Amino acid sequence: MSNRTLVDAYIKELEAEYTSTRKCLERFPVTLFGYKPHPTSMEMGYLTLLVAEIPLWITFMVEQGEVDFATYKRFEFSTSEELLDHFEEVFNGAKKSLAGITDDDLDAPFYLKRQGQVLFTQPKREGVGSTINHWIHHRGQLTVYMRLNEIAVPSIYGPSADDRTF
C-alpha cells in the first residue's frame, strides 16, 4: 500500500509502548480492584482495564468510525491472565486495523456518541494520535496507583526506582 507514512508511524508508536504497558498490566493484583487513592479517583481495576482496552478504541475508530457509549461493552475479567489475554487481543487488533488502511483513510471522520447522539467528531488521523496519548496518560496514572500500593513500577522510558534495566 502506498501513502502509509502516518499509519506506519502510529503502528510503530503502538509497538514502542507495548512492552512497558504489558509490564504494568502483569503486575496488577486483582485483589486491589476496588482500590482508590482518593474518593474522586477511579478504581484501580477500572483504570487497569482502561489501560488494557484503549487500543480497542483505535480498532473501532478505524473499522467502524464511531464509538457509542450506549453500546460499548467493557470487558469483564476476574484474573490477571484474562486481562492480559484481552490486552493482547485488542493490541493486535489495533495494529491489524491500522495495517489495513492508508493515510488517506485517516481523513474520514470519527464520531463519539451517546445513544446515537454525536458528542464529538474529529478526523481519524487526529483521533488515533490522541487515543495513543490518552493510553499513555492512563498508564502513567496506573504507575502512581502502583507506587501507592508498593507494586514495583517497571522501567518505561528509562529506569524507575524499582527497575534499573534500560
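Cut-offs and rules
- Residues numbered from 1 in each chain as written.
- Predicted model: local features only at pLDDT ≥ 70, side-chain atom pairs only at ≥ 80, totals over all residues.
- Heavy atoms only, no water.
- Patch = residues over 30% accessible without salt bridge, like charges linked within 9 Å, V, L, I, M, F, W, Y side chains within 5 Å.
- Areas by Shrake-Rupley, 256 points an atom, 1.4 Å probe, with all protein chains shown as cover.
- Salt bridge = Lys/Arg side-chain N within 4 Å of Asp/Glu carboxyl O.
- Helix = DSSP H or I, 4+ residues; strand = E, 2+ residues; numbered from the N terminus.
- Phe/Tyr/Trp six-rings, centres within 6.5 Å; stacked < 30°, edge-to-face > 60°.
- Buried < 20%, exposed > 50% of the residue type's maximum accessible area, 1.4 Å probe, protein only.

Quick look at a nonpolar patch on the surface
Okay, step 1: There is a patch of nonpolar side chains on the surface, built from Phe69, Leu119 and Phe120 and spanning about 280 Å² of accessible area.
Okay, step 2: With respect to the helices and strands, the residue Phe120 is situated in strand β3 (residues 117-123).

A word on the packing of aromatic side chains
Okay, step 1: Summed over the entire model, instances satisfying the criterion amount to nine aromatic pairs.
Okay, step 2: For the pair Phe33 and Phe77, a centre-to-centre distance of 5.6 Å together with 55 degrees between the ring planes defines the contact as tilted. Taken together, the positions of Phe33 in the loop between α1 (5-26) and α2 (44-63) and Phe77 in the loop between β1 (66-68) and α3 (80-99) put the pair 44 residues apart, joining distant regions of the chain.
Okay, step 3: Taking the relative accessible area as the measure of exposure, Phe33 reaches 33% and is therefore partly exposed.
Okay, step 4: Assessed through its relative accessible area of 11%, Phe77 is described here as buried.
Okay, step 5: Here Tyr35 and Tyr145 contribute two aromatic rings whose centre-to-centre distance is 5.9 Å and whose plane-to-plane angle is 85 degrees, an arrangement assigned as edge-to-face. On the criterion of sequence distance, the pair formed by Tyr35 in the loop between α1 and α2 and Tyr145 in helix α4 (residues 124-148) is long-range, its members being 110 residues apart.

Regarding the pattern of salt bridges
Okay, step 1: Inspection of the entire model under this criterion finds eight salt bridges.
Okay, step 2: Where Arg22 meets Glu88, a salt bridge forms, and the shortest distance between an N and an O atom there is 2.8 Å. Of this pair, Arg22 sits in helix α1 while Glu88 sits in helix α3; the two residues are 66 residues apart in sequence, bridging distant segments of the chain.
Okay, step 3: The partly exposed category is assigned to Glu88, whose relative accessible area is 21%.
Okay, step 4: Taken together, the shared-partner salt bridges connect Arg22, Glu26 and Glu88 into one network.

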